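# Architecture at a glance
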Amino acid sequence: MNDYLSFFLTTLTTLFIIIDPPGNIPAFIALTEGLDENLIDRISKKATVIASLILIIFVFSGWAIMEFFSISIESLKIAGGLLMLIISIDILFGRRSREYYEKKGRESIDIDSIAVFPLALPLYSGPGAITAVVVLSSNADLMGKILVVVSIIVIYIMVRITHIYAISILKILGKSGADIIARVMAIILAALSVEFIMSGVLSKLGLV
């Protein structure tokens, strides 16, 4: 029971840091600024459902995809660690890639498509999150996979809550407050990324 609890907390923490619900508040506001409240709510619901379904699919089919492309878990850990490290660096240096996606979203003619791109992909279910759920669920039994799914659901409930209260939360935190939270999380994410990389490298070398 303690092992399952530890695994659940690790999964929840990892996904929370990568998906970063509070850190995405400014991006969500920037993408939906000036829109009708009902439309914003629709975009929020669509984005969270799509993003969560993408990750849940990878929990159960990630291995099949890996086998089809002959990708080892060690290689995925290394690649995933590198991707998450890049994400953490991007956050620490001001989210330049996110600014690009925000601009693309605002220029889109089909406003509703913002829910799919860039919110659901890549902001809320990018390569880092996909890699994390595949790696976390790869050696897990059925109960472990269920816990990963529960973690995903909990995280996207948090995302939905931040969308609902985005304006109020941003007023409380301020732009600087949201940036500080994001950067602190980025440091933790960078450390987790190194752990992923080292684990993959050591496994490849047969040292663990």
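This text follows the structure it describes.
Heads up: these notes are all about the structure in this document. All figures in this text were calculated on a predicted structure; none of them were measured in a lab. (Residues numbered from 1 in each chain as written. Predicted model: local features only at pLDDT ≥ 70, side-chain atom pairs only at ≥ 80, totals over all residues. Heavy atoms only, no water.)

### Quick word on the overall build of the protein
Inclusion rule: In this text, helices come from DSSP runs of H or I with a minimum length of four residues, and strands from runs of E with a minimum of two, each type numbered from the N-terminal end. For the exposure calls, accessible area comes from a 1.4 Å probe over protein chains only, and a residue counts as buried if that area is under 20% of its type's maximum, exposed if over 50%, partly exposed in between. Between two residues, a contact is recorded if the distance between any of their heavy atoms is within 4.5 Å. Residue-level accessible areas treat just the shown protein chains as cover; the underlying method is Shrake-Rupley with a 1.4 Å probe.
When you go through the protein residue by residue, the secondary structure sums to nine helices and zero strands. Overall, the protein shows an N-to-C arrangement of helices and strands of α-α-α-α-α-α-α-α-α. Across the 208 residues of the protein, 44% fall into the buried class. Across the protein, the fraction of contacts at a sequence separation of at least 24, relative to all contacts at a separation of at least 6, is 88%. Carbon and sulfur atoms make up 69% of the accessible area of the protein, which totals about 10,700 Å².

### Concerning helix H2 (residues 25–32)
Burial runs high along H2: seven of the eight residues are buried. Every buried residue of H2 is accounted for by Ile 25, Pro 26, Ala 27, Phe 28, Ile 29, Leu 31 and Thr 32.

### A few points about the packing of H2 against helix H6 (residues 116–124)
A pair of packed helices is characterised by two quantities: the angle between their axes and the separation of those axes. To be explicit about the condition: To get an axis, a line is fitted to the C-alpha atoms, and for a helix only the part in contact is used. The angle between two axes follows their N-to-C directions and goes from 0 to 180 degrees. Oblique is the label for any angle not under 35 degrees, not over 145, and not in the 65 to 115 range, which are roughly parallel, roughly antiparallel and roughly perpendicular in turn. Crossing handedness is defined as follows: a turn of the near helix away from the far one that is anticlockwise and smaller than a right angle gives a left-handed crossing, while the clockwise case is right-handed. In this classification, the charged set is Asp, Glu, Lys and Arg, the nonpolar set is Ala, Val, Leu, Ile, Met, Phe, Trp, Tyr, Cys and Pro, and all remaining amino acids, among them Gly, are polar.
For the pair H2 and H6, interaxial distance at closest approach is 11 Å and the crossing angle is 160°. For the element pair H2 / H6, the angle class is roughly antiparallel. Like other packed secondary-structure pairs, H2 and H6 cross with a definite hand, here right-handed. On H6, the residues that touch Ala 27, Phe 28 and Leu 31 of H2 are Pro 118, Leu 119, Leu 123 and Tyr 124. Grouping the amino acids of the contact of H2 with H6 by side-chain chemistry returns seven nonpolar, no polar and no charged.

### With respect to the nonpolar core
Under the convention used in this document: Residues enter a nonpolar core if they are buried and are Ala, Val, Leu, Ile, Met, Phe, Trp, Tyr or Cys, with the set joined through side-chain atoms within 4.5 Å.
Counting residues in hydrophobic clusters, the biggest one holds 44 residues, and the most contacted among them are Ile 19, Leu 55, Leu 119, Tyr 124, Val 133, Ile 152 and Tyr 156. For this core, the elements supplying multiple residues, two or more each, are helix H1 (2–19), H2, helix H3 (37–68), helix H4 (73–92), H6, helix H7 (127–138), helix H8 (142–164) and helix H9 (166–204). Per element, the largest residue contribution to this core is eight residues, and it comes from H3. Beyond its immediate chain neighbours, meaning those up to four positions away, Val 133 contacts Leu 15, Leu 55, Phe 58, Val 59, Val 148 and Ile 152.

### Observations concerning the packing of aromatic side chains
Condition: Stacked, edge-to-face and tilted labels apply to pairs of Phe, Tyr and Trp rings (six-membered ring for Trp) whose centres lie within 6.5 Å, assigned for plane angles under 30 degrees, over 60, and everything in between, in that order.
On inspection of all chains with the given rule, the structure shows one aromatic pair. Look at Phe 68 and Phe 69: their rings are 5.0 Å apart centre to centre, the planes differ by 90°, and that puts the pair in the edge-to-face class. Accessibility classification places Phe 68 together with Phe 69 in one group, the exposed group.

### Notes on a nonpolar patch on the surface
To keep it simple, the criterion reads: Patches here are clusters of residues that have more than 30% relative accessible area and form no salt bridge, with a 9 Å joining cutoff for like charges and a 5 Å cutoff for nonpolar side chains (Val, Leu, Ile, Met, Phe, Trp, Tyr). The term salt bridge refers to a side-chain nitrogen of Lys or Arg lying within 4 Å of a carboxyl oxygen of Asp or Glu.
Together, Tyr 4, Phe 60, Leu 142, Met 143, Ile 146 and Val 150 line one region of the surface with nonpolar side chains, adding up to about 540 Å² of accessible area. Sort the elements by how many residues they give to the nonpolar patch and H8 lands first, with four residues.

### Observations regarding H3
Residues three or four positions apart in an α-helix share a direction because the helix packs 3.6 residues into each turn. Our working rule: Every helix has an expected span of 1.5 Å times one less than the residues it contains. Axes are fitted to the seven residues ending at a residue and to the seven starting at it; the angle between these axes is taken as the bend at that residue.
For H3, with 32 residues, the first-to-last C-alpha span of 44 Å sits near the 46 Å given by 1.5 Å per residue. At Ser 61, H3 shows its maximal bend, which comes to roughly 65°. All of the buried residues along H3 are Ile 40, Ile 43, Ser 44, Ala 47, Thr 48, Ala 51, Ser 52, Ile 54, Leu 55, Val 59, Gly 62 and Met 66. Phi for Ser 70, located one or two positions after H3, is positive at around 55°.

### Overview of the pattern of salt bridges
According to the stated counting rule, one finds two salt bridges in the structure shown. Asp 41 is paired through a salt bridge with Lys 45; the nearest N and O atoms lie 3.2 Å apart. Of this pair, Asp 41 and Lys 45 both sit in helix H3, separated by four residues, roughly a single helical turn. Salt-bridge contacts for Asp 41 lead to Arg 160; the nearest nitrogen and oxygen are separated by 2.6 Å. Linking Asp 41 in helix H3 with Arg 160 in helix H8, this pair joins segments that are 119 residues apart in sequence. One salt-bridge network, held together by shared partners, links Asp 41, Lys 45 and Arg 160.

### Points about the side chain of Ser 137
Going by this rule: Whenever a nitrogen or oxygen atom comes within 3.5 Å of another N or O atom, the pair is scored as a polar contact, on the condition that within protein one atom can donate a hydrogen and the other can accept it, and that pairs from neighbouring residues in sequence are kept only if both atoms are in side chains.
Note that Ser 137 resides in helix H7. Look at Ser 137 and you get buried, because its relative accessible area is 2%. A distance of 3.4 Å separates a polar atom in the side chain of Ser 137 from the backbone oxygen of Val 134. Excluding residues that lie within four positions of it along the chain, Ser 137 makes contacts with Phe 58, Val 59, Lys 145 and Val 148.

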